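Each chain, written out:
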Amino acid sequence: YLCYSSTFSINWGHFIIKSAHLDLQERIAIAADAKTVFAYLNEVEKRTAYIPMLDEIILLDSPPIRLGSRYIEVATIAGQDLKTTYQVIEWEENRKIKVKTIKSIFPIVAEMVLEEESAQTSVQLRLSFILKGIYRLAAPIVRGIVQQQAKDILQKLKQNIERSL
């Protein structure tokens with residue numbers, strides 16, 4: 001599931017794209033109970049094991065992760081360190097973790113929702129972000145890249161959790 005929309009403004013009678021809002025959802029089933037999956041997700045320092053290009057996690061608040069916790073993801077892109085600061089805005093034990101950027105090149109909201117069903121857990125990854133400025137021009141390319149990365153993240157997450165059982 002992928003949604004793509006643009007916000008328009010009128011400037012001297014011409015349409016100018018100001019921003020591009022992208023939403024996407026991916027889902028995967030993991031052969032583990034929700035408590036096990038949630039415990040793995042809640043250790044944000046493990047994110048480097050399943051998110052490509054992510055080099056380091058810096059915790060700004062003491063563990064465990066909970067509502068209000070903040071952390072920085074450090075990724076290397078084109079030889080440059082890119083630091084993105086997140087804050088947990090929703091946290092339901094064994095059910096949901098939702099974060100938003102508080103310092104980033106563009107706003108992102110990411111959510112992992114878990115549903116346990118007959119000896120496995122369905123994990124849904126929801127991403128919502130807004131591309132502004134020069135980044136909005138690359139929205140169709142970014143959409144395709146992010147869609148594939150979301151699938152890869154969930155597949156790697158599944159492999160890591162199932163191998164640890």
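Rules of the game
Residues numbered from 1 in each chain as written. Predicted model: local features only at pLDDT ≥ 70, side-chain atom pairs only at ≥ 80, totals over all residues. Heavy atoms only, no water. Helix = DSSP H or I, 4+ residues; strand = E, 2+ residues; numbered from the N terminus. Buried < 20%, exposed > 50% of the residue type's maximum accessible area, 1.4 Å probe, protein only. Contact = heavy atoms within 4.5 Å. Areas by Shrake-Rupley, 256 points an atom, 1.4 Å probe, with all protein chains shown as cover. Core = buried A, V, L, I, M, F, W, Y, C linked by side-chain atoms within 4.5 Å. Salt bridge = Lys/Arg side-chain N within 4 Å of Asp/Glu carboxyl O. Phe/Tyr/Trp six-rings, centres within 6.5 Å; stacked < 30°, edge-to-face > 60°. Axes fitted to C-alpha atoms, helices over the stretch in contact; angles between N-to-C directions. Parallel < 35°, antiparallel > 145°, perpendicular 65-115°, else oblique. Left-handed = near helix turned anticlockwise from the far one by under 90°. Nonpolar A, V, L, I, M, F, W, Y, C, P; charged D, E, K, R; others polar.

Q: What is the right way to read the overall build of the protein chain from this model?
A: Of the regular secondary structure elements, the protein chain holds two helices and eight strands. Reading the helices (α) and strands (β) of the protein chain from amino to carboxyl end gives β-β-α-β-β-β-β-β-β-α. Per-residue burial over the protein chain gives 38% buried out of 165 residues. Restricting the contact set of the protein chain to residue pairs at least 6 apart, pairs at least 24 apart contribute 44%. Element-wise, carbon and sulfur atoms account for 54% of the exposed surface of the protein chain, whose accessible area totals about 9,300 Å².

Q: Help me understand the nonpolar core in this model?
A: Generally speaking, soluble globular proteins have nonpolar side chains that are buried together. In terms of nonpolar packing, the biggest core is built from 41 residues, with Ile-30, Val-37, Leu-41, Val-123, Phe-129, Leu-131 and Leu-157 touching the most fellow members. With eight residues, the single largest contributor to this core is helix 2 (residues 139-164). Each residue touching Leu-41, except ones within four places of it in the same chain, is listed here: Tyr-50, Ile-97, Met-112, Leu-114 and Leu-157.

Q: Before we go on, may I ask you to explain the pattern of salt bridges in this structure?
A: Here the idea is simple: oppositely charged side chains can pair when their charged atoms come close. One pass over the structure, following the stated rule, counts nine salt bridges. For the salt bridge of Lys-46 with Glu-43, the shortest nitrogen-to-oxygen distance reads 3.6 Å. In this structure Lys-46 comes out as partly exposed when scored by relative accessible area, which is 29%. A salt bridge links Glu-90 to Lys-98; the nearest nitrogen and oxygen atoms lie 3.5 Å apart. Among the ionic contacts, a cluster of salt bridges with common partners joins Glu-90, Glu-92, Lys-96, Lys-98, Glu-111 and Arg-126.

Q: Teacher, can you tell me more about the side chain of Arg-47 here?
A: Residue position: Arg-47 is located in the loop between helix 1 (34-42) and strand 3 (54-59). For Arg-47, a relative accessible area of 16% puts it in the buried group. Here Arg-47 is in contact with Leu-54, Ile-57, Tyr-71 and Glu-73, once residues within four sequence places are set aside.

Q: How do you make sense of the packing of aromatic side chains when you look at a structure like this?
A: Here a ring pair, both rings aromatic, is described through the centre-centre distance and the interplanar angle of the planes. This structure, assessed with the given rule, holds three aromatic pairs. When the ring of Tyr-40 is compared with that of Tyr-50, the centres are 5.8 Å apart and the planes differ by 40 degrees; the resulting orientation is tilted. Highlighted residues: Tyr-40 in helix 1 and Tyr-50 in the loop between helix 1 and strand 3, separated in sequence by 10 residues. For the pair Tyr-40 and Tyr-50, a shared accessibility class is recorded, and that class is buried.

Q: Honestly, the packing of helix 1 against helix 2 in this entry has me stumped. Any pointers?
A: A pair of packed helices is characterised by two quantities: the angle between their axes and the separation of those axes. At a minimum axis separation of 11 Å, helix 1 and helix 2 run at an interaxial angle of 115 degrees. Considering the angle they form, helix 1 stands roughly perpendicular to helix 2. Handedness of the crossing formed by helix 1 with helix 2: right-handed. Contacts from Thr-36, Val-37, Tyr-40 and Leu-41 of helix 1 reach helix 2 at Leu-157, Asn-160 and Ile-161. Here the contact of helix 1 with helix 2 is built from residues that sort into five nonpolar, two polar and no charged.

Q: Looking at this structure, I do not really get the environment of Thr-101. What am I missing?
A: Counting through the fold element by element, Thr-101 comes out in strand 6 (residues 96-103). On the accessibility criterion, Thr-101 (13% relative accessible area) is buried. As a C-alpha pair, Thr-101 and Tyr-71 span 30 residues in sequence and 9.7 Å in three-dimensional space.

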